[in-house]
Amino acid sequence: MSDVAARSGFLDELSRLNRQQWLLRATVPGATAAMLLTQAAAGPDPRPWFVLLATALALAVAAGPGSSTGLVLVLLLGGRWLVSVPEQLTGWLILAAASLAAIHVAATLAAYGPPSLVLDRILLRVWGRRCVLLAAATVLMWTVARLASGSDLPAGGWLLGVALLLVVAWAGFLHRRLT
């Protein structure tokens, strides 16, 4: 296939995008911008080359949501957060997690089928419930981490064991609710 034919096919696919697909695909660069702004508010401003790289990756994910570029984008943004933000448990962390989740969910839903696909309302409701549960779990874990960081907990294996049991119980609850 020639380069011209590949570009023509890509433009044909873009012309077949419906409103729902445009919204899902536009969410990826929008959430990427939100993540970059959140990182700038929580830590040092990202370097211009990093902003350009993240923007290019976000546009690539929006153009082809079924590729592995979305994983690279999420890992890049999450990795920069870990490396550059000095205080990890601020309220900005919740916004950062929401931005990464929005990138992931929007790309996943956009990749469900061809560009002309209109997703069923039932599927969108299922994903909406998953997102609400994920947001609740994120806020709950953030709250627990904030409380635990403010207290002088004794070191010990039993505390770790209890925490792991709570995580396993939560995962089991989510598994039952979502399947």
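Whatever comes next refers back to the structure up there.
Rules and cut-offs
- Residues numbered from 1 in each chain as written.
- Predicted model: local features only at pLDDT ≥ 70, side-chain atom pairs only at ≥ 80, totals over all residues.
- Heavy atoms only, no water.
- Patch = residues over 30% accessible without salt bridge, like charges linked within 9 Å, V, L, I, M, F, W, Y side chains within 5 Å.
- Areas by Shrake-Rupley, 256 points an atom, 1.4 Å probe, with all protein chains shown as cover.
- Salt bridge = Lys/Arg side-chain N within 4 Å of Asp/Glu carboxyl O.
- Lys, Arg positive; Asp, Glu negative; His and termini not counted.
- Charge placed at Lys NZ, Arg CZ, Asp CG, Glu CD.
- Helix = DSSP H or I, 4+ residues; strand = E, 2+ residues; numbered from the N terminus.
- Core = buried A, V, L, I, M, F, W, Y, C linked by side-chain atoms within 4.5 Å.
- Buried < 20%, exposed > 50% of the residue type's maximum accessible area, 1.4 Å probe, protein only.
- Contact = heavy atoms within 4.5 Å.
- Axes fitted to C-alpha atoms, helices over the stretch in contact; angles between N-to-C directions.
- Parallel < 35°, antiparallel > 145°, perpendicular 65-115°, else oblique.
- Nonpolar A, V, L, I, M, F, W, Y, C, P; charged D, E, K, R; others polar.

## Focus: a positive patch on the surface
Working step 1: On the surface, R121, R125, R129 and R177 cluster together into a positively charged patch.
Working step 2: In terms of residue count, helix α6 (residues 121-150) provides more of the positive patch than any other element does, three residues in total.
Working step 3: Relative to the assigned elements, R125 resides in helix α6.

## Side note on the nonpolar core
Working step 1: By size, the foremost hydrophobic cluster in this structure holds 19 residues, and its most contacted members are V28, M35, L73, L77, W81 and I103.
Working step 2: For this core, the secondary structure elements donating two or more residues are α2 (19-42), α3 (48-63), α4 (69-84) and α5 (92-110).
Working step 3: Beyond its immediate stretch of four places on either side in the chain, L77 contacts T32, M35, L36, Q39, F50, A54, L100 and I103.
Working step 4: Counting six residues, the second largest nonpolar core, distinct from the first, contains L24, L109, L119 and W127.

## Describing the packing of α4 against α5
Working step 1: Contact pair α4 / α5: the axes reach a minimum separation of 10 Å and the direction vectors enclose 170°. Considering the angle they form, α4 stands roughly antiparallel to α5. Facing L73, V74, L77, G78 and W81 of α4, the residues of α5 in contact are W92, L93, A96, L100 and I103.
Working step 2: Residues of the contact of α4 with α5, tallied by class, amount to nine nonpolar, one polar and no charged.

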